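# Structural features, examined
Below are the chains, spelled out letter by letter.
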Amino acid sequence: MSSLSERKARLIVHGDQPYNAEPPLGRLRASYRTSVQDFYVRSHGDLPALDLKIWRLTVDGGADTTLEFSLPDLRNRFPEFTVTATMQCAGNRRADMRAVAPVSGDPWEAGAIGTAEWTGVRLGDVLREAGIAEGMDLHVAFESHDTVEGHPYGASIPLAKALAPETLLAYAMNGEALLPEHGFPVRAVVPGFAGVRSPKWLRRLIVQDHPSNNPIQAGDYKLYPPHVTAETADPTQGHTIDLMPLNAAICEPAREAALKAGVTQVRGYAVAGDRAVVRVDVSGNGGRSWVQADLEHQAGSPFAWTFWSVELDLSPGEHELAVRAWDAAGQTQPALPDDTWNHKGYLCTCWHRVRISVT
């Protein structure tokens, strides 16, 4: 496997401390399962160097029940499962919102997303071992080894999602042990939810009667209306971002591409959280007319993205390509980033547009 510096050289790096990077979109669309070396990296703090020989996961199940597991313990005591699921940052496509007005955070294009085959044990199995019963109105708080502004990274999910069969404590990605930047030795994988709810470098799980008080959970990753500013934002009034909304993006051709007149293949992805993508429309003229794309989805993977492709016959001149998806609830995407702009730049789901020139 290549070194971290070699893997960084493959990506568009938005920051080194903390390390945040995304792949070029053409490479993202090259394979249904994203190569681990082309998978986006979202870090909030340091990349901890952990020694597998001494690493342990503590599980505090409440009612004075505390368990501790090494990685061999997890692998030997619980059945192994593999889930193909898409991971996506809540700030994916933030660059489109920045074009409307300034926003905070890294200027992600449409590459803060990827799909992998995650292998590990079901979080629910581990929690049941700790004596947790289904149906209780509780939360599972994660604590990690990385630190953010002096605090361990922390987030939480409702117990119902923690007990869902797709939610894993993962130790492998596409059949290989997790790379350091992807959470070695063990991370949470919470399909359908924003990536922030799938913490890396886990050290502790706590079952409690309230969401995590960690600043990542209690203060960050809140969705606000457009009139709210960084100075006026009240985290208790913001909507906590868990389940990700419907989205789609054009991966090929690239922005500002120069193409020959005639038939051009346009390809990209669409994703809808826990719902199915049922239709993708593509326009070669900024949305004045549309054609329906062909869809490709892996059967039995409800939390994985849908690839789409279509051929457009493009005449000479400037063209604005656009894409919009539809989900199983009959919902589609807003036309403009103005419609959902917020000062954090979260959940940009407008039509993805790519300007190209044709000669």
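In the block above lies the structure referred to throughout.
Residues numbered from 1 in each chain as written. Predicted model: local features only at pLDDT ≥ 70, side-chain atom pairs only at ≥ 80, totals over all residues. Heavy atoms only, no water.

### Structural notes on the pairing of strand β2 (residues 19–22)
The two faces of β2 match: Y19 and A21 on one face and N20 and E22 on the other face are all buried. Relative to β2, strand β1 (residues 12–16) is paired through four bridges, and the arrangement is antiparallel. Bridge pairing in β2 places G15 opposite N20. Hairpin remark: β1 followed by β2, antiparallel, with two residues in the connecting loop. For β2 and strand β3 (residues 41–42), the ladder comprises two bridges, and the chain directions are antiparallel. Looking at β3, one finds that N20 is bridged to R42. (Buried < 20%, exposed > 50% of the residue type's maximum accessible area, 1.4 Å probe, protein only. Helix = DSSP H or I, 4+ residues; strand = E, 2+ residues; numbered from the N terminus. Pairing = 2+ DSSP bridges.)

### Some points on the side chain of R324
When you line up the elements, R324 lands in strand β23 (residues 317–327). Filtering out sequence-adjacent residues up to four positions away, R324 remains in contact with R279, V280, D281, W290, T332, Q333 and W351. (Contact = heavy atoms within 4.5 Å.)

### Some words on the sheet that holds strand β16 (residues 247–252)
The antiparallel open sheet is built from four strands, whose spatial order is β16-β18-β22-β21. What marks the edges here is a single partner per strand, and that holds for β16 and β21 (294–296). In this sheet, adjacent strand axes meet at a mean angle of 30 degrees when their direction is disregarded. In this sheet, strand β22 (residues 306–314) lies alongside β21 in antiparallel orientation, the contact comprising three bridges. (Axes fitted to C-alpha atoms, helices over the stretch in contact; angles between N-to-C directions.)

### Thoughts on the nonpolar core
Counting 30 residues, the largest nonpolar core has L127 and L169 as its most contacted members. Elements with a minimum of two residues in this core: β4 (57–62), α3 (71–77), α5 (123–129), β8 (139–148), α6 (159–163), β10 (168–173) and β13 (202–208). With sequence-adjacent residues up to four places away left out, L127 is seen in contact with V59, I132, V140, L159, A162, L163 and V207. Ranked by size, the runner-up nonpolar core spans 22 residues in total, among them A257, V282, W308 and I356. (Core = buried A, V, L, I, M, F, W, Y, C linked by side-chain atoms within 4.5 Å.)

### As for the pairing of β16
The buried fraction of β16 amounts to five of the six residues, a majority that puts the element mostly inside the structure. Here β16 runs beside strand β18 (residues 262–271); their pairing, made up of five bridges, is antiparallel. Within β18, the residue paired with E252 across the bridge is R267.

### Some words on unusual backbone geometry
Trans peptide bonds make up most of the peptide bonds, and negative phi angles are found at most residues other than glycine. That bond from Q17 to P18 is cis: its omega, 0 degrees, falls within 30 degrees of zero. Inspection of the secondary structure puts P18 in the loop between β1 and β2. Note that the residue after F184, namely P185, is joined by a cis bond; omega there is 5 degrees. Its place among the elements puts P185 in the loop between β11 (176–177) and β12 (187–189). The backbone of W201 shows a phi angle near 50 degrees, a positive value even though the residue is not glycine. Take W201: it is sitting in the loop between β12 and β13.

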